Amino acid sequence: MNPEITSKTETMTESETKKMDVNVADSGSLAPMSSPDGSGEQWQQIKDQVIDILSDLPDYLGGFFNQYQKPIVTIGLLVGVIVTIRVTLAVVDAINDIPLLAPTFELIGMGYSAWFIYRYLLQASSRQELWREINSIKESLLGRKS
């Protein structure tokens, strides 16, 4: 036999025997294992606690919602407004990327502005009409005369 191979196998067996040498007489700081019956009772207790918590969950959530209803609604509305604004800006940005559509909208805006100036701002009687319309809208929104 080759001497290199025998020395390697001898070293392996020495290290293997060292690994297998365990002192069972000394007990360490590990807790003793519980019997399978004790662990079954423990699992049953944990399961009962989880079931109790889950069965009371609708009551907890209902009480929480009743107690903090106004802040929850306010936060929900704020989140809704933020999402709506972001979606609107994304749609406007997507429309703005379409060729010839942005300049067309600019022309429409300038045309409407010119019509508004001609219709309501050039003559004194039309300015008074515009002021009456603005006041009627304010009254309908605020519910009182200003």
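Since the structure is predicted, the reported quantities are computational estimates derived from the model, not experimental observations. Counting from 1, residues in each chain are numbered in the order their sequence is written. In keeping with the predicted nature of the model, local features appear solely for residues at pLDDT of at least 70, side-chain atom pairs appear and are counted solely at 80 or more, and the whole-chain, interface and lining totals rest on all residues. Here the side-chain values reflect all heavy atoms present in the structure, with hydrogen atoms and water set aside.

1. Regarding the overall build of the protein
Next, step 1: Here a helix means four or more residues in a row that DSSP labels H or I, a strand means two or more in a row labelled E, and each is numbered from the N terminus. When helices and strands are tallied, the protein shows 5 helices and 0 strands.
Next, step 2: Its helices and strands taken in sequence order, the protein reads α-α-α-α-α from the N to the C terminus.
Next, step 3: Taken across its 146 residues, the protein has 3% of its residues classed as buried.
Next, step 4: A 1.4 Å probe and the Shrake-Rupley method give the accessible areas. Residues count as covered only by the protein chains that appear here. When the accessible surface of the protein is totalled, it reaches about 13,600 Å², and 65% of it is carbon and sulfur. Accessible area is worked out with a 1.4 Å probe on protein chains only. A residue is then buried under 20% of its type maximum, exposed over 50%, and partly exposed in between.

2. Concerning the confidence of the model for the protein
Next, step 1: Confidence of the predictor at the level of single residues is captured by pLDDT, which takes values from 0 to 100. Looking at the protein as a whole, its pLDDT mean stands at 82, while 73% of the residues score no less than 70.
Next, step 2: Element-level mean pLDDT values for the protein span from 52 in helix α1 (residues 3-20) up to 95 in helix α3 (residues 69-96).

3. So, the pattern of salt bridges
Next, step 1: Only one rule defines a salt bridge in this text: a Lys or Arg side-chain nitrogen within 4 Å of an Asp or Glu carboxyl oxygen. The full count for this structure, using the stated rule, is 1 salt bridge.
Next, step 2: Notably, a salt bridge pairs Arg-119 with Glu-129, separated by 3.1 Å at the nearest N-O pair. Of this pair, Arg-119 sits in helix α4 (residues 101-121) while Glu-129 is found in helix α5 (residues 124-142), placing the two residues 10 residues apart along the sequence.
Next, step 3: For Arg-119, a relative accessible area of 31% gives the class partly exposed.

4. Some thoughts on unusual backbone geometry
Next, step 1: One non-glycine residue with positive phi stands out, namely Leu-100, at about 70 degrees.
Next, step 2: Summarising the element assignment, Leu-100 is placed in the loop between α3 and α4.
Next, step 3: What makes Leu-100 exposed here is its relative accessible area of 69%.

5. Some remarks on a nonpolar patch on the surface
Next, step 1: Two joining distances apply to patches: 9 Å for like charges and 5 Å for nonpolar side chains (Val, Leu, Ile, Met, Phe, Trp, Tyr), and every residue must have over 30% relative accessible area and no salt bridge. A contiguous nonpolar surface patch, about 780 Å² in accessible area, is contributed by Ile-75, Val-79, Val-83, Val-87, Val-91, Ile-95, Ile-98, Phe-105 and Ile-108.
Next, step 2: Mapped by element, the contributors of at least two residues to the nonpolar patch are α3 and α4.
Next, step 3: By the secondary structure assignment, Ile-98 is in the loop between α3 and α4.
Next, step 4: Assessed through its relative accessible area of 42%, Ile-98 is described here as partly exposed.

6. Brief notes about the packing of aromatic side chains
Given two aromatic rings, their pairing is described by the distance between the two centres and the angle made by the two planes.
Next, step 1: Stacked, tilted and edge-to-face are the three classes assigned to paired rings of Phe, Tyr and Trp, where Trp is represented by its six-membered ring and a pair needs centres within 6.5 Å; plane angles under 30 degrees give stacked, over 60 edge-to-face, the rest tilted. If you walk through the whole model with that rule in mind, you get 4 aromatic pairs.
Next, step 2: Here the aromatic rings of Trp-115 and Tyr-120 are separated by 6.2 Å at their centres, their planes lie at 85 degrees, and the arrangement is edge-to-face.
Next, step 3: Trp-115 sits in the partly exposed class, given a relative accessible area of 41%.
Next, step 4: On the basis of relative accessibility, which here comes to 11%, the residue Tyr-120 falls in the buried class.
Next, step 5: Counted as over-ring charges are cases with an Arg CZ or a Lys NZ within 6 Å of the ring centre that also lie within 35 degrees of the ring normal. Directly above the ring of Tyr-120 sits Arg-119, whose terminal nitrogen or CZ lies 4.7 Å from the centroid.

7. Some words on the packing of α4 against α5
Next, step 1: Whenever a helix is involved, its axis is fitted only over the stretch in contact; in every case the axis is a line through C-alpha atoms, and angles between N-to-C directions fall within 0 to 180 degrees. Where α4 meets α5, the closest approach of the two axes is 7 Å, and the angle between their N-to-C directions is 100 degrees. For the element pair α4 / α5, the angle class is roughly perpendicular. Of the residues in α5, those in contact with Phe-116, Arg-119, Tyr-120 and Leu-121 of α4 are Ser-126, Arg-127, Glu-129, Leu-130 and Glu-133.
Next, step 2: Looking at the contact of α4 with α5 residue by residue, the classes come out as 4 nonpolar, 1 polar and 4 charged. In these notes the angle categories are as follows: under 35 degrees is roughly parallel, over 145 is roughly antiparallel, 65 to 115 is roughly perpendicular, and the rest is oblique. Throughout, a contact is declared for two residues whenever any of their heavy atoms are within 4.5 Å. Throughout this entry, Asp, Glu, Lys and Arg are counted as charged residues, while Ala, Val, Leu, Ile, Met, Phe, Trp, Tyr, Cys and Pro are counted as nonpolar. The remaining residues, Gly among them, count as polar.

8. Overview of α5
Next, step 1: When the terminal C-alpha atoms of α5 are compared, their 27 Å separation across 19 residues agrees well with the 27 Å that a helix rising 1.5 Å per residue should span.
Next, step 2: Phi turns positive, to about 80 degrees, at Gly-143, one or two residues after α5. In this analysis, the expected span of each helix is defined as 1.5 Å times one less than the number of residues it contains.

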